[in-house]
Amino acid sequence: MAIWAGMGLLLSACSHPNSLPTSNSDDGIDASKKVATSQRSTNSDIWPALDYSRIQDTKIEHKITEILSSMTLEQKIAQMIQPEIRDFTVEDMRKYGFGSFLNGGGAFPNNNKHATPQDWITLAENMYQASVDDSLDGSTIPAIWGTDAVHGHNNVIGATLFPHNIGLGAANNPSLIEKIAEATAREVMATGIDWVFAPTVAVVRNDRWGRTYEGYSEDPDIVKSYSEAIVKGLQGPVDGDFLSDRRVISTVKHFLGDGGTQNGVDQGNNIDDEQALFNVHAQGYVGGLSAGAQTVMASFNSWNGQKMHGHHYLLTEILKGKMGFDGFVVGDWLGHGQIPGCTNENCSKTINAGLDVFMASGDSWKPLMKNTIAQVKNGEIPESRINDAVSRILRVKLRAGVFEKPSPANRPLSGKLDIIGSKEHRDIARQAVRESLVLLKNKGDVLPIDPSKRILVAGDAADNIGKQSGGWTITWQGTNNTNDDFPGGTSIFDGLKQAINSAGGKIELSEDGSYKTRPDVAIVVFGEEPYAEGVGDVNNLAYQHSNKTDLAILKKLKSAGIPVVSVFISGRPLYVNAEINASDAFVAAWLPGSEGIGVSDVILSNPASAIKHDFTGRLSYSWPASATQSQVNRYDEDYAPLLPYGYGLSYSSKPHEDWPTLNQPLNVEQLKESEESNIVIFKKLVGPNFSAIAKDKNNSTEMTSNVLAIDGMTVRTIDKTVQEDARQITFESKQDAAFAFNSGSILDLTNQRKAKQSLFLNIRLDSDIVAPVTVGMECGVDCSGAIDLSNDLQKLAKHEWQELNISLACFEKHGVQLDRVTSPFVLRSNNAMQLSISEISFRNTPNVDECHSSISP
């Protein structure tokens, strides 16, 4: 039986004044009933006709016609190409006149993670000036810059980082959301950028999805209301300062159905019928487009087997036709290349389906532009389709005033660095943290804590702003960050320390839960490591199923008779019954962002033991009753979560002395866990406890962004299957350079050696091999070794992904002491060479001869 069904202490999910709304539908039909009773349909009558009359302007339409009539085909296609800042230059902009460009997650001006706000402004200004320079391309149409500011201006050091959307959904406060969006717009404008790829309006139906935290809720009502609020905050109200010089262009994404794929697989297949597609997954577009959103981003996913980037019915007949959307549709990162029959460099199908702007990362933009021009000339793409796309792009630019506004460096907010991370914005974020916290358990009313007590703070997330902020935080995956990367921010420990010291209490920080003096209470902050799309997908919702190090801390403190308060950091609801059982109080803090101080505002009382701020957050996602209950949503016929949608305790709730011990039926075998027992050094993402390093004779530099260059070698992220899931290493000379993965602790590989494991590489040869190329392991002085793979690599077909296995026994024969490895992978070349890698791991491969690598396609 679900816990909420059997306990009198819990609140009704729909009766509490702070519970989430059950209806917010413009058509008079309760959205919940529509979700539950959707019928299969294939007609456009399902979809509404939206009213855009308040933002339509005949003068703008005449101007579009005038500009379009003067443009060459090449200039038109250039408006439809959006390259990424790592992959083209200011001179390329001057020559080709792209309509827009972007910085992907983890891309920075000058490839510098610590680029200053002025560096961002300088790049924006240089690109703008090149775009309006008609000396080479004959065009003076300004380019616009798009960025993923998804929880604040999250690519810029020092910006305010708000809670991720899952936490904001728990806050259920649209007016606060509008303030967050307005603050984000101001910080973005301060760096000279015009356009934000937000809001994400995915309605998440399976919490295994690695982007769950990007969705506000599993229910469409709150997503609809939030979408409207965020668009209004970013762009301004349509009857107010709409797209003024203090606002940015917004993007409602990802169209359509990304939160409803089978098994929660990123970029997977949504098999809902059309009525459910509208009732559940389209409500965010109804809200956002009604508020005047100017762009829509196409989704990676498919609907009933057809990729959205190539879906004419939904992009053209429904979005642009029936719904009347007159802005433009931008693709996602090389999403067009996933359409059958297309490549990253060649895809007429997506333009004919209704895509208006290619997001063309990497080196794809140049051949894509050339091929698209050729396809228009040979009739494969009608010129009328090109004219429609460019008209839409011009319409958005004219509405946003980019033709009349000053250049990026001269706009009213540009360069006002006091805006970035300002106290006003941090106060908004702090409020959002407070309102997002959901109290799941408070046995014995251990909360709020008297700050004059002696308090232990434990857990690896307690003093870790990067971990509490999650993915899409400076870097794409939110990894490789330290507290120094968040000037002005506060960890959860920082906030607690300020309040406790001010109240005369004592505080001790100990990650492993040990202590010098016995505390009156322990606060343990723990949870998921940061992740983003692709990497974040999981096979089940068990938290630390195989190595419950956090549970061990809780149990150690509990067994010592110390009251335990758990603060859980996560991007989705997870199965944590054991951790809840070992806690007197349990708080779902989600991913609170840079203002961890907001947590202390709620869990600590004031010195007089009075409540400072109560818990007002309520679950916008149902909490699972088992590790395999990943798809449990409000209004399901067999709805039986552990804790229901809308659940959340407050300090006024009934005392919890009767809180039951939860069942813990965690069977690892039953979970069919796909996380291999093998050691994974790199697979999509650098493995836990490893770091990617470029080094020469004197220095080692960790790769913390998506490009790393040293003398003689460059390493950059590339796409194999999903965005940035591989690394390309380019050796440029005979200098002594190496690319390595270092371990954070000494690796003992003797058991792997006994099991006849091999070093497994999934690689692609991108150049000829003309000199020795070695793969080695290092373990200190006089115990390292390397193997020359040049003969094996010469057998590989170029530009094809293939597998290579090297026996651990071979490394041992070459001098590696396998019980003390510090660098399990070191790649060197004595000459120019280019190689790409998508996986490095240790695997059971008993048929590999001791010093003969095996190759397979």
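Residues numbered from 1 in each chain as written. Predicted model: local features only at pLDDT ≥ 70, side-chain atom pairs only at ≥ 80, totals over all residues. Heavy atoms only, no water.

A. Structural detail: the overall build of the chain. The number of helices and strands found in the chain is 25 helices and 32 strands. Across its three principal directions, the C-alpha atoms of the chain cover 80 × 75 × 55 Å. For the chain, the proportion of its 857 residues judged to be buried stands at 63%. Taking as baseline every contact in the chain between residues at least 6 positions apart, the subset at least 24 positions apart corresponds to 78%. Within the structure as shown, the chain displays about 30,000 Å² of accessible surface, and the carbon and sulfur contribution to it stands at 46%. For the chain, the centre of its 77 positive side-chain charges and the centre of its 103 negative side-chain charges are spaced 2 Å apart. (Helix = DSSP H or I, 4+ residues; strand = E, 2+ residues; numbered from the N terminus. Buried < 20%, exposed > 50% of the residue type's maximum accessible area, 1.4 Å probe, protein only. Contact = heavy atoms within 4.5 Å. Areas by Shrake-Rupley, 256 points an atom, 1.4 Å probe, with all protein chains shown as cover. Lys, Arg positive; Asp, Glu negative; His and termini not counted. Charge placed at Lys NZ, Arg CZ, Asp CG, Glu CD.)

B. Fine view of the environment of Ile840. In this fold, Ile840 is placed in strand β31 (residues 833–844). For Ile840, a relative accessible area of 0% gives the class buried. Separated by 158 residues in sequence, Ile840 and Phe682 place their C-alpha atoms 5.0 Å apart. Not counting residues up to four positions away in its chain, the partners in contact with Ile840 are Val680, Ile681, Phe682, Phe741, Leu759, Phe760, Leu761 and Phe825.

C. Geometry of the pairing of strand β3 (residues 144–147). A two-sided burial pattern is seen for β3, the buried positions comprising Ile144 and Gly146 on one face and Trp145 and Thr147 on the other. Bridge count between strand β2 (residues 100–103) and β3: 4 bridges; the pairing is parallel. Along β3, the bridge assignment pairs Ser100 with Ile144. For β3 and strand β4 (residues 195–196), the ladder comprises 2 bridges, and the chain directions are parallel. In the sheet register, Thr147 faces β4, and the bridge partner there is Val196. (Pairing = 2+ DSSP bridges.)

D. Main features of the sheet that holds strand β28 (residues 785–788). An order of β21-β20-β25-β30-β27-β28 is seen for the 6 strands of this open sheet, with the pairing classed as antiparallel. Both outer strands of the open sheet, β21 (700–702) and β28, are each paired with one neighbouring strand and no more. For this sheet, the mean angle separating the axes of adjacent strands, direction not counted, is 25°. With 3 bridges connecting them, strand β20 (residues 690–695) and β21 associate as antiparallel partners. Looking across to β21, one finds that Lys695 is bridged to Ser700. (Axes fitted to C-alpha atoms, helices over the stretch in contact; angles between N-to-C directions.)

E. Main features of the state of the cysteines. Applying the stated criterion across every chain yields a total of 2 disulfides. A disulfide bridge connects Cys342 with Cys347, and the sulfur atoms are separated by 2.2 Å. Between Cys342 and Cys347, the disulfide has an S-S torsion of 65° and is therefore right-handed. The residues Cys342 and Cys347 share a single accessibility class, namely buried. A sulfur-sulfur separation of 2.2 Å characterises the disulfide bridge that pairs Cys779 with Cys783. (Disulfide = S-S within 2.5 Å.)

F. A look at the confidence of the model for the chain. With 91% of its residues at a pLDDT of 70 or more, the chain shows a mean pLDDT of 91. Low pLDDT, under 50, characterises residues 3–41; the stretch is placed with 89 contacts to residues that sit more than four places away or in other chains. Overall, residues 672–676 carries pLDDT values under 50, and its contacts beyond four positions in sequence, including any with other chains, amount to 8 contacts. (pLDDT = per-residue confidence, 0-100.)

G. Just the environment of Gly489, in detail. Relative to the assigned elements, Gly489 resides in the loop between α17 (465–469) and α18 (492–502). Each C-alpha atom, one on Gly489 and one on Gly158, is 7.8 Å from the other, the two residues being 331 residues apart in sequence.

H. Inspection of the nonpolar core at higher detail. Among the nonpolar cores identified, the biggest contains 135 residues, and Trp47, Ile77, Phe255, Leu289 and Leu314 are the most heavily contacted of them. For Leu314, the contacting residues outside a window of four places in its chain are Trp47, Phe255, Leu277, Trp303, Met308 and Leu319. In this structure, Leu440, Leu557, Ala582 and Phe586 belong to the second largest nonpolar core, which totals 74 residues. (Core = buried A, V, L, I, M, F, W, Y, C linked by side-chain atoms within 4.5 Å.)

I. Local environment of the environment of Ser217. Tracing the backbone shows Ser217 in the loop between β4 and α9 (220–235). Spatially, the C-alpha atom of Ser217 lies 8.6 Å from that of Leu619, the residues being 402 residues apart in sequence. For Ser217, the contacting residues outside a window of four places in its chain are Ala202, Val203, Val204, Ile222, Val223, Ser620, Tyr621 and Tyr645. Within polar-contact distance, the side chain of Ser217 engages the backbone nitrogen of Asp219 at 3.0 Å. Within the structure, the side chain of Ser217 is placed 2.9 Å from the backbone oxygen of Ser620, a separation counted as a polar contact. (Polar contact = N/O pair within 3.5 Å; in protein donor to acceptor, adjacent residues only side chain to side chain.)

J. Structural context of unusual backbone geometry. Residue Lys253 is joined to His254 through a cis peptide bond whose omega torsion reads -5°. Along the chain, His254 falls in strand β5 (residues 251–255). Pro448 follows Leu447 through a cis peptide bond whose omega is 0°. Tracing the backbone through its elements, the reader meets Pro448 in the loop between β12 (438–442) and β13 (454–458). Unlike most non-glycine residues, Ser609 shows phi in positive territory, near 65°. Inspection of the secondary structure puts Ser609 in the loop between α21 (597–603) and α22 (668–671). Residue Ser609 is classed as partly exposed on the basis of its relative accessible area of 47%. At Tyr635, a residue that is not glycine, the phi angle is positive and equals roughly 75°. Inspection of the secondary structure puts Tyr635 in the loop between α21 and α22. The class of Tyr635 is partly exposed, set by a relative accessible area of 30%.

K. Region of interest: the pairing of β31. With 9 of 12 residues buried, β31 lies mostly within the body of the structure. Pairing of strand β18 (residues 680–683) with β31, which is carried by 3 bridges, proceeds in the antiparallel orientation. Its bridge partner lying in β31, Val680 is registered against Ser841. Of the strand pairs in this sheet, strand β24 (residues 726–731) and β31 are connected by 5 bridges, and their pairing is antiparallel.

L. Fine view of helix α11 (residues 283–290). When you tally the buried positions in α11, you get 7 out of 8 residues, the bulk of the element. Regarding α11, the residues found buried are Gln283, Gly284, Tyr285, Val286, Gly287, Gly288 and Leu289. Its buried side turned inward, α11 meets α9, β5, α10 (274–281), β7 (295–298) and α12 (312–322). Positive phi shows up at Gly292, right after α11, with a value of about 100°.

M. The arrangement of the pattern of salt bridges in detail. Tallied over the full model, the rule gives 38 salt bridges. For the salt bridge of Glu66 with Lys63, the shortest nitrogen-to-oxygen distance reads 3.5 Å. One end of the pair, Glu66, and the other, Lys63, are both in helix α2 (residues 58–69), 3 residues apart, so they sit about a helical turn from each other. Its salt-bridge partner being Arg764, residue Asp766 comes within 2.6 Å of it at the nearest N-O pair. (Salt bridge = Lys/Arg side-chain N within 4 Å of Asp/Glu carboxyl O.)

N. Up close: the sheet that holds strand β9 (residues 306–307). Within the open sheet, the 3 strands sit side by side as β6-β8-β9. Their pairing is mixed. If you trace the sheet from one side to the other, it starts and ends with β6 (269–270) and β9, each paired once.

O. Structural view of the packing of aromatic side chains. Considering all chains together, one arrives at 23 aromatic pairs under this definition. Geometrically, the ring pair formed by Phe101 and Trp145 is tilted, given 5.1 Å between the ring centres and 40° between the ring planes. Pair noted here: Phe101 is in strand β2 and Trp145 is in strand β3, with a separation of 44 residues, a long-range link. Each member of the pair, Phe101 together with Trp145, is buried. Aromatic side chains Trp195 and Phe328 sit 5.4 Å apart centroid to centroid with 85° between the ring planes, which places their arrangement in the edge-to-face category. With a gap of 133 residues between them, Trp195 in strand β4 and Phe328 in strand β10 (residues 328–330) connect regions that are remote in the sequence. Connected via pairs of aromatic rings, a cluster forms that spans Phe88, Tyr96, Phe98, Phe101, Trp120, Trp145 and Trp365. Sitting above the plane of the Trp801 ring, Lys720 keeps its charged end 5.5 Å from the centroid. Lying over the aromatic face of Phe760, Arg843 brings its terminal NZ or CZ to 3.8 Å of the ring centre. (Phe/Tyr/Trp six-rings, centres within 6.5 Å; stacked < 30°, edge-to-face > 60°. Lys NZ or Arg CZ within 6 Å of the ring centre and 35° of its normal.)

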